[in-house]
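Chain residues, written in single-letter form:
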Amino acid sequence: MNYRHAYHAGNFADCVKHALLVWLLRALARKEAPFAVLDTHAGRGRYDLAAPEATRTGEWRAGIGRLLDDPPPALADYVALVQSLDHAAPSFAAPAATAPTASAPLAHYPGSPLLCRALLRPQDRLMLNELHAEEHAALARLLARDRQAHLHRRDGYECLRALLPPPERRGLVLIDPPFEQPDEFARAAAGLAAGHARFGHGLFMLWYPIKHRTPVRAFHAAVQESGMRDVLAAELALREPTDPARLNGCGVLLVNPPYRFEAGAGAILAALLARLGAGEKGAAVTIQRLAAE
Ligand SMILES: C[S@@+](CC[C@H](N)C(=O)[O-])C[C@H]1O[C@@H](n2cnc3c(N)ncnc32)[C@H](O)[C@@H]1O
């Protein structure tokens, strides 16, 4: 377990994942009935953009850093939420350690736990799982005293078997593994199918990297072979994925996407590409149906 998200927090891949996540949580909140969120690979919950990890890569400057000024309408909700979690410490979170400065317009970038927590209503519940000891400890400092957040420290794929279905029978499962092992695509496809077998009408969102096309094609094929229905893949490519050493794009796989997701995600991804893309050959947004409803 060498992966540390602090090097990448707020980069273009986080923007893709989190802008879509915020859209999905808003869609879930349209109905009054309570929902649960399970975040299987939660990370530390909040990232200090002045920390050595973030300053060493500077990845956030080419991601969220390019969205803060006058965000396009499709990204306005997500960006406003990110900013609100930086400046004003929400009641459920520890106060931000440093204030933003002119050179760093944002002091902290929220991870998926804080974004999810911010969009819970009083009747909703959040299950957060993180295996890494230090990351888990940081997450616990942020949210352990929160009554609506439940923390776990175990293998993320194990959670899909142990914690599903939620008693609410309604909700979102975010699967966001580090993809540092060569078999992660295969484990993710198997984990998703196992989670879906337990929570068939749940909304699943699985993030994946696009370095080269071959593993992504195999992953899509494995998902199709599992027999799950109503599956979409929404992807943003910054360039043609020909150099497997680079993160050339990323995607999310959705099972049971809500009504109008394709239109919402299309607008979000197009706005992200317009702001974050460098006009390289092969830059594109794709929303592909992998299995019919
Ligand atoms: C991509 S990061 C998660 C980022 C987070 N979901 C967000 O959007 O802010 C992946 C996380 O998975 C954790 N991790 C690695 N292996 C794990 C495992 N087997 N089970 C659960 N978490 C794991 C890593 O420590 C890391 O914090």
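Before reading further, recall that the structure is shown in the block above.
Bear in mind that the values here come from a model prediction, so they are computed numbers and not experimental data.

Calculation rules
Residues numbered from 1 in each chain as written. Predicted model: local features only at pLDDT ≥ 70, side-chain atom pairs only at ≥ 80, totals over all residues. Heavy atoms only, no water. Salt bridge = Lys/Arg side-chain N within 4 Å of Asp/Glu carboxyl O. Helix = DSSP H or I, 4+ residues; strand = E, 2+ residues; numbered from the N terminus. Pairing = 2+ DSSP bridges. Axes fitted to C-alpha atoms, helices over the stretch in contact; angles between N-to-C directions. Contact = heavy atoms within 4.5 Å.

What follows concerns the pattern of salt bridges. According to the stated counting rule, one finds 17 salt bridges in the structure shown. Linked through salt bridges whose partners overlap, the residues forming this network are R4, R44, E134 and E135.

Moving on to unusual backbone geometry. A cis amide bond links L164 with the next residue in sequence, P165, at an omega value of 0°. A positive phi angle, close to 65°, is found at R169, a residue other than glycine. Its place among the elements puts R169 in the loop between α6 (156-162) and β6 (171-175). A positive phi angle is found at N256, which is not glycine, with a value near 60°. Structurally, N256 can be placed in the loop between β9 (249-255) and α9 (261-276).

Judged by pairing direction, the sheet is mixed, and its 8 strands sit side by side in the order β5-β4-β1-β6-β7-β9-β8-β10 without closing on themselves. The open sheet has two free edges, formed respectively by β5 (149-152) and β10 (284-291), since each of these has just one partner strand. Taking the axes of each pair of neighbouring strands and ignoring which way they run, one obtains an average angle of 15° across the sheet. Note that strand β8 (residues 231-237) and β10 share 7 bridges and pair antiparallel. Paired with V231 across the bridge in β10 is A291. Across the sheet, helix α1 (residues 12-28) is in contact with β1 (36-39), β6, β7 (203-210), β8 and β9; its angle to β7 comes to roughly 170°.

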